[in-house]
Amino acid sequence: MSEILCQWLNKELKVSRTVSPKSFAKAFSSGYLLGEVLHKFELQDDFSEFLDSRVSSAKLNNFSRLEPTLNLLGVQFDQNVAHGIITEKPGVATKLLYQLYIALQKKKKSGLTGVEMQTMQRLTNLRLQNMKSDTFQERLRHMIPRQTDFNLMRITYRFQEKYKHVKEDLAHLHFEKLERFQKLKEEQRCFDIEKQYLNRRRQNEIMAKIQAAIIQIPKPASNRTLKALEAQKMMKKKKEAEDVADEIKKFEALIKKDLQAKESASKTSLDTAGQTTTDLLNTYSDDEYIKKIQKRLEEDAFAREQREKRRRKLLMDQLIAHEAQEEAYREEQLINRLMRQSQQERRIAVQLMHVRHEKEVLWQNRIFREKQHEERRLKDFQDALDREAALAKQAKIDFEEQFLKEKRFHDQIAVERAQARYEKHYSVCAEILDQIVDLSTKVADYRMLTNNLIPYKLMHDWKELFFNAKPIYEQASVKTLPANPSREQLTELEKRDLLDTNDYEEYKNMVGEWALPEEMVDNLPPSNNCILGHILHRLAEKSLPPRAESTTPELPSFAVKGCLLGKTLSGKTTILRSLQKDFPIQILSIDTLVQEAIQAFHDNEKVSEVLPIQKNDEEDALPVLQEEIKESQDPQHVFSAGPVSDEVLPETEGETMLSANADKTPKAEEVKSSDSFLKLTTRAQLGAKSEQLLKKGKSIPDVLLVDIIVNAINEIPVNQDCILDGFPMTLNQAQLLEEALTGCNRNLTEVERKKAQKSTLAIDPATSKEIPLPSPAFDFVILLDVSDTSSMSRMNDIIAEELSYKTAHEDISQRVAAENQDKDGDQNLRDQIQHRIIGFLDNWPLLEQWFSEPENILIKINAEIDKESLCEKVKEILTTEIAKKKNKVEKKLEEKEAEKKAAASLAELPLPTPPPAPPPEPEKEKEIHQSHVASKTPTAKGKPQSGSPKGKSSGGKVPVKKSPADSTDTSPVAIVPQPPKPGSEEWVYVNEPVPEEMPLFLVPYWELIENSYINTIKTVLRHLREDQHTVLAYLYEIRTSFQEFLKRPDHKQDFVAQWQADFNSLPDDLWDDEETKAELHQRVNDLRDRLWDICDARKEEAEQERLDIINESWLQDTLGMTMNHFFSLMQAELNRFQDTKRLLQDYYWGMESKIPVEDNKRFTRIPLVQLDSKDNSESQLRIPLVPRISISLETVTPKPKTKSVLKGKMDNSLENVESNFEADEKLVMDTWQQASLAVSHMVAAEIHQRLMEEEKENQPADPKEKSPQMGANKKVKKEPPKKKQEDKKPKGKSPPMAEATPVIVTTEEIAEIKRKNELRVKIKEEHLAALQFEEIATQFRLELIKTKALALLEDLVTKVVDVYKLMEKWLGERYLNEMASTEKLTDVARYHIETSTKIQNELYLSQEDFFINGNIKVFPDPPPSIRPPPVEKEEDGTLTIEQLDSLRDQFLDMAPKGIIGNKAFTDILIDLVTLNLGTNNFPSNWMHLTQPELQELTSLLTVNSEFVDWRKFLLVTSMPWPIPLEEELLETLQKFKAVDKEQLGTITFEQYMQAGLWFTGDEDIKIPENPLEPLPFNRQEHLIEFFFRLFADYEKDPPQLDYTQMLLYFACHPDTVEGVYRALSVAVGTHVFQQVKASIPSAEKTSSTDAGPAEEFPEPEENAAREERKLKDDTEKREQKDEEIPENANNEKMSMETLLKVFKGGSEAQDSNRFASHLKIENIYAEGFIKTFQDLGAKNLEPIEVAVLLKHPFIQDLISNYSDYKFPDIKIILQRSEHVQGSDGERSPSRHTEEKK
């Protein structure tokens, strides 16, 4: 049950957690899954408040919410069940879930929701349930312990377990301690026992020696004299020799007797065996085998003799050794006897021996002690050496470990940096790929929107966004921006600004979308108003503060400044020291400079009084410069401990602290005193600041470091070269250093250049040159490039040299100090090498870019070479740089000399005498003075200090103008040159002084004009861009919506289905009735009319939908908004013109010292199109509105059209569109004309005002004082110039008094009046020229806007009309397709009516598609006819498989073993042939066989002249089947053995079918076309199965087949000998070669081959020929193999069982009963085989080689005479029977009836 529930939960409901039967209780203990199950059935609405946790509060919450729902479902649930689930009791959760499953299934069947079930309950029950729920919660809360209790129990259990483990550990330790104590006691006891044992042994030895010293010499007997002893000795020796000689003789006799017995026995046996073997082998074997046997016997006899000799020699050796031992023993006894002395002598000798032994012991002990002392000294010395070597080795190991650690750390850092670079590169690539995908999808979207015609503007905008790394799609809305916009909104604003800027640039430069049409290209006005640009530039210069003069020296220095950079230990200091020997250069190291500065502070270095004033000025200016630098820098960089300061700090701080401790520091009061501090030098002051920071533990900031470097550079002589060692190290240091040395900030210069390059509305061409970048602070920067590994290797080499440092210094204290200092430095370097490398790698890319961008001064050198080569390279570079600097300075000096000479030559030229200039005004004098100062300074950069045009006219334009002499050279006639036009290069601008307050007002006013113009243009262009997207989206929407409207569903298929059902339900007897057919035709007509009505109605609805789309106000509103956008552009151009006109008027009036007249005229406003129908008064509107009248269909009047936007055929709705478009065109033209006229009127009014002013000024003038010269204004040429009144009148004099007094005009006043008149005329001419230029540009812009507006409106209307026409085309095509589909349906219906057939497949008509659905049938097909099973037919007397199976069953019942008596077999055949019972067992040809023929047939199958093998009979009668070759038989045998893995010799039916035979059952069977005709019978396939049934043993379960026995049956052959050899090959498993060929004549062989089983049945001639050819090939192959017998052929061994299996034979049966005869069969060849095996030397009947076996005469006779493996020729009998029957012509009644059957 749990598995069913798990499957329901996991597969059907798919709960969030997989549930298994083992974890069932645990999964549902929290109640969360129960709530999820109820939630999936919409019964638990508060599932979101369930907690998926195992704490007690979560369980209480979950089950409290589950209880009402479970009670609502009727599931038994109370606090006991809940407690059981929570405590995970077995079976509780399963039971509850099973009840819930049943309840939910009932609920699912009822179809009620949870709310419905609650409403169906009674109110009283609901209240009761609420009370029960409250009670349940209270009881459950008391039953479930708190989570803290759970936690406390868990902690308690954990501590109890820990207590148990600790207790067990203590017990284990106590037990180990006891065992250790017992073991020590046991060891002590064993040691005591051993010691006691040694003591006892030593005592026993002493006692034995003492006892040995006391020898009691007995009195010698009478017979113990010397002669007696010798005689006894000789007698004993003689006796022993006799005994030994007797034993030897006995032993030899015994050995001889044994040898003789063995030799006689072996000889007799060998003689008899050899004689019999020789007799047997003489007949059957050759002499070589006998010789081998004889040789082996001889070798055995010789070996036996050798063994006997060795045995005798061993005995003699033993005897000799025994005699020698006896002789030694006798001599020892003799010596002991001779050496016996008295007891006293023995005792004295023992004492002497003791004394001598003691002396030797003392002497040896003394030698041993001396030797120990010597060894101890040598050992101590060696230990000291080993200790020093171990310490050195350990230091080396520690150093190698430290090196490996550093290397691993470096590799890790390198990997992290590489990973960071990879991630950065990957993120960049991913971002680019995302942008590419976005661009592709955007293009795809708009291809769909625009029918693959994306506008150029959209694609250009997308490319701009793509190239600027901006997202293509909108990230957020920017219509309403909050106070703090998000990142996406900021990105959208950046996108909008980018596109707006591009659109504005296109509009300003008139390219892209705003490119000029062909008709406007020829009238292109100049792109810049030079007069206005000059005015704006002059006003801007007036408003800016004066610039400080440059302090660059006039004569440049030849000194070279450079720096040498590189990683730590790259060789910078070493290279610079070597360079200092060859070149007079000054090396500046930041570490040394900081130390010197601190030391200067400690030495209280003060300013000397003899210092020049300039130096004091520099020192005074230095703090100011530092303050300015600090203010310009970011505050966070001032005291930041960056990578540079980290790099500088370690070496500097340590040395500083040492110096601070070593030297006497001044008192704090002296340092703090301001007077003494101010008297210190700049270096000391900087050192004080540095020391103060270092004492606080802070790093020295970059600003202070740069000040120290700059101070050191300033102290170097001017013409001396200097190189910085390893500085700057960061980009900030490089920037500060360059700014301090050159006085220019590159970042500020870049900002100024960008600001100067920023596009403005008017540019002064005379001052629009690019600001040159300042030259770099250094002449060259050399980088010593080394790898990180090389730096670390050099550090390790330094430390290794320190370890191996053994050179002795003269002074020990100096050596110790040097070692300590080097050790500290090396340790410091080792600790910070990684940080320094990382800092360099982080900062170098920025430094490389800094030193390469403006002027590439960076030189990289590979420093991973030897020191000498590196020094040579650096020397070459330094020499080259010095030569370059020298050439550069010389070139500058030459240029200055050339400039001076040119200025001197210009000064010498005679200048035309100008009229005497009036005394300059104070402001003018200042300007002239500034211009002179600027001309004197040779290195003035940037913009000029005063008005550059005036300076150009006074100084620069003088040599350019042609002198009168030049003009006379070109032509003999004097031609007056034309005066220059205002704004041209030759024109000299009027630079009269203007009031001081005018620039302060006009410059912001122009900025306001410019910003307002640019912002307005950008806003309008943005709206036009957005409107383009809106138009495309709208057109796509109406296209798709109209297509969907055309595809709306209809109900035509319902009518068609109903008609088809009625048509098919017609009775069968009415199909051929004419009236019925007419009625059906009428129904078809009605159906067609109804369908046509539906089509017409749908067409009318679609046309109405199209008209509704056309009549929408979208097009009119869009055109109106577009025109308003273009009108806004016109208004922007008009506003710019009006503002520029006012600015020019104020500027020139101020120059003329006139009071500007307040313009009371309002700004000209271009009216906009009114989009709504509200009536607004003009007073309420700031901008005038023009009402827009849309032309309706009723108001359209036919008129000739000069230009038609719509091409082709039009309907009334599209004519309305075109009429409205013409009205819009007219409105645009009118607005343009209005704006153009307004500009022209303003210019004319300005010119008129100028003329009126001039007339007013010229009226009171005296004609005598008229100037003879004409004004420059062309429009007032006819009027002579008049005297200009003075602007300023002296105070205190009234005008009447001035007019009344007579005026006396002097020549100077006349010249002044003349000059003022010329100036006024020039101002007027310049003013009007600037105004006319603005007029031309504005008129051109207005015309361009008008042209683009008309083109855009025409394009928009064309697109919309194309969409309307496309909709009309879709509508017509769809209507025609629907009508055509209805006609097709009608034709099909009429065809079936005329042919009187039902329509089985469904007729499908939907909208414009009609087809016959072959997948759906209205009524089912009739059942198909069943093909009958295949039946085997009798052909040419061949037995069928059924007949063969019937015969097999009968023979198996009679003789299960396969052998039956020949008489019984004949009787069975006669019974089957003659009786009616046998008609089904044999074919008709067999029914004519007589008894003699059957007996003859039996004789052919007889085995051993008494028995018949019925399996062989069935095998022969089952022909035809492919007769196997010998190779096929062996291959089949191998297949069976491969399948028989257990090598049992038997296989099952499955294994038999898996292995297969030499032929398969796959025949080319032709399947008959008639389904009622049976398939042909596959005989070969059934024969394969029949062979298994024929040879298998069915007594076993499952039936087993002896495959070797079966293949022996198939080994039969027409040739008897060949059949036997085939059988032997099958039995052995390999091919058996014939040793002796059977002497069979070729004629007999041919006849036997011809009479094979291939001719047994009258088969077709082709099959018979094929089988005959196959047998001949088999015989030829075997003969060929036999002729080519290899040497090692027939080496396989054959056993007795195999021979008996091949050659079968039985004795005569004692009983005629078939069963009794079968039981008493014995193989008649067994005795002969046994004798053969014995003859061949196999006494125990071991297997013998086939080659040896085949040579035996018995086997050869048996092979030649054995006939069981010959195919019987029963075909002759059948043919003879047929022949006799045909000649007789008489038939028996039974056979006649059988033939009829």
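Residues numbered from 1 in each chain as written. Predicted model: local features only at pLDDT ≥ 70, side-chain atom pairs only at ≥ 80, totals over all residues. Heavy atoms only, no water.

Asker: Please explain the overall build of the protein chain as it appears in this structure.
Answerer: Secondary structure summary: the protein chain contains 57 helices and 17 strands in total. Considering only intrachain contacts with a sequence separation of at least 6, the fraction spanning at least 24 residues in the protein chain is 77%. (Helix = DSSP H or I, 4+ residues; strand = E, 2+ residues; numbered from the N terminus. Contact = heavy atoms within 4.5 Å.)

Asker: How should I be thinking about the packing of helix 1 (residues 2-13) against helix 6 (residues 92-110) in this particular structure?
Answerer: If you want to describe how two helices pack, look at the angle between their axes and the distance between the axes. Running from N to C, helix 1 and helix 6 point in directions that differ by 60°, and their axes come no closer than 11 Å. As judged from the angle between their axes, helix 1 and helix 6 are oblique. Our pair here, helix 1 against helix 6, has a crossing hand that is left-handed. On helix 6, the residues that touch Leu-5, Trp-8 and Leu-9 of helix 1 are Thr-94, Leu-97, Tyr-98, Tyr-101, Leu-104 and Gln-105. (Axes fitted to C-alpha atoms, helices over the stretch in contact; angles between N-to-C directions. Parallel < 35°, antiparallel > 145°, perpendicular 65-115°, else oblique. Left-handed = near helix turned anticlockwise from the far one by under 90°.)

Asker: Just checking my understanding: could you explain the packing of aromatic side chains for this structure?
Answerer: Two measures describe an aromatic ring pair: the distance that separates the ring centres and the angle between the ring planes. Enumeration according to the criterion identifies 39 aromatic pairs in this entry. Here the aromatic rings of Tyr-422 and Tyr-426 are separated by 5.9 Å at their centres, their planes lie at 35°, and the arrangement is tilted. Of the two residues, Tyr-422 and Tyr-426 both sit in helix 12 (residues 343-450), 4 residues apart, roughly one turn of that helix. The exposure class assigned to Tyr-422 is partly exposed, which follows from its relative accessible area of 47%. Classification of Tyr-426 by relative accessible area gives exposed; the value is 53%. (Phe/Tyr/Trp six-rings, centres within 6.5 Å; stacked < 30°, edge-to-face > 60°. Buried < 20%, exposed > 50% of the residue type's maximum accessible area, 1.4 Å probe, protein only.)

Asker: Looking at this structure, how should I read the packing of helix 18 (residues 590-602) against helix 24 (residues 702-715)?
Answerer: Packing of helix 18 against helix 24 leaves a shortest axis separation of 10 Å and a crossing angle of 85°. With respect to helix 24, the element helix 18 is oriented roughly perpendicular. Residues Ile-590, Leu-593 and Val-594 of helix 18 touch helix 24, and the partners they reach there are Leu-705, Ile-708, Ile-709 and Ala-712. For the contact of helix 18 with helix 24, a count of residues per class yields 7 nonpolar, no polar and no charged. (Nonpolar A, V, L, I, M, F, W, Y, C, P; charged D, E, K, R; others polar.)

Asker: Where do I start with the pattern of salt bridges in this structure?
Answerer: Opposite charge on two side chains permits pairing when their charged atoms draw close. Applying the stated criterion across every chain, the model contains 41 salt bridges. Where Asp-1230 meets Lys-1226, a salt bridge forms, and the shortest distance between an N and an O atom there is 3.2 Å. Separated by 4 residues within a single helix, Asp-1230 and Lys-1226 lie in helix 37 (residues 1212-1258), roughly one turn from each other. Under the relative-accessibility criterion, Lys-1226 is labelled exposed at 55%. Sharing partners across several salt bridges, the network here consists of Lys-457, Asp-461, Asp-500, Asp-503, Glu-506, Arg-1022 and Arg-1025. (Salt bridge = Lys/Arg side-chain N within 4 Å of Asp/Glu carboxyl O.)

Asker: Could you clarify how one ought to interpret the environment of Tyr-1375 in this entry?
Answerer: Structurally, the position occupied by Tyr-1375 is in helix 39 (residues 1307-1395). For the pair Tyr-1375 and Gln-1407, spaced 32 residues apart in the sequence, the C-alpha separation amounts to 9.2 Å. At 2.7 Å, the side chain of Tyr-1375 and the side chain of Asp-1096 are in polar contact. (Polar contact = N/O pair within 3.5 Å; in protein donor to acceptor, adjacent residues only side chain to side chain.)

Asker: In this structure, what is going on with the sheet that holds strand 2 (residues 585-589)? I would like to understand it.
Answerer: To summarise the sheet geometry, strands pair through backbone hydrogen bonds and adopt either a parallel or an antiparallel arrangement. Across the sheet, 5 strands lie side by side as 2-3-1-4-5; this open sheet has parallel pairing. Two strands close off the open sheet at either side, each with one partner strand: strand 2 and strand 5 (858-862). Taken over all neighbouring pairs, the strand axes of this sheet differ in orientation by 20° on average, direction set aside. Relative to strand 4 (residues 780-785), strand 1 (residues 561-566) runs parallel, the two sharing 5 bridges. Across the sheet, residue Leu-564 finds its bridge partner in strand 4, namely Ile-782. (Pairing = 2+ DSSP bridges.)

Asker: When you look at the nonpolar core in this model, what are you seeing that I'm missing?
Answerer: One broad trend across soluble globular proteins is that nonpolar side chains are buried collectively. Counting 90 residues, the largest nonpolar core has Trp-514, Tyr-1013, Ile-1017, Phe-1042, Phe-1127, Tyr-1147 and Tyr-1364 as its most contacted members. Elements that contribute at least two residues to this core include exactly helix 14 (487-509), helix 16 (530-543), helix 33 (997-1046), helix 35 (1074-1110), helix 36 (1114-1151), strand 6 (1168-1170), helix 37 and helix 39. If one sorts the elements of this core by residue count, helix 39 sits on top with 22 residues. By size, the runner-up hydrophobic cluster in this structure holds 86 residues, among which are Leu-1515, Val-1516, Trp-1558 and Leu-1624. (Core = buried A, V, L, I, M, F, W, Y, C linked by side-chain atoms within 4.5 Å.)

The analysis is restricted to geometry; functional conclusions fall outside its scope.
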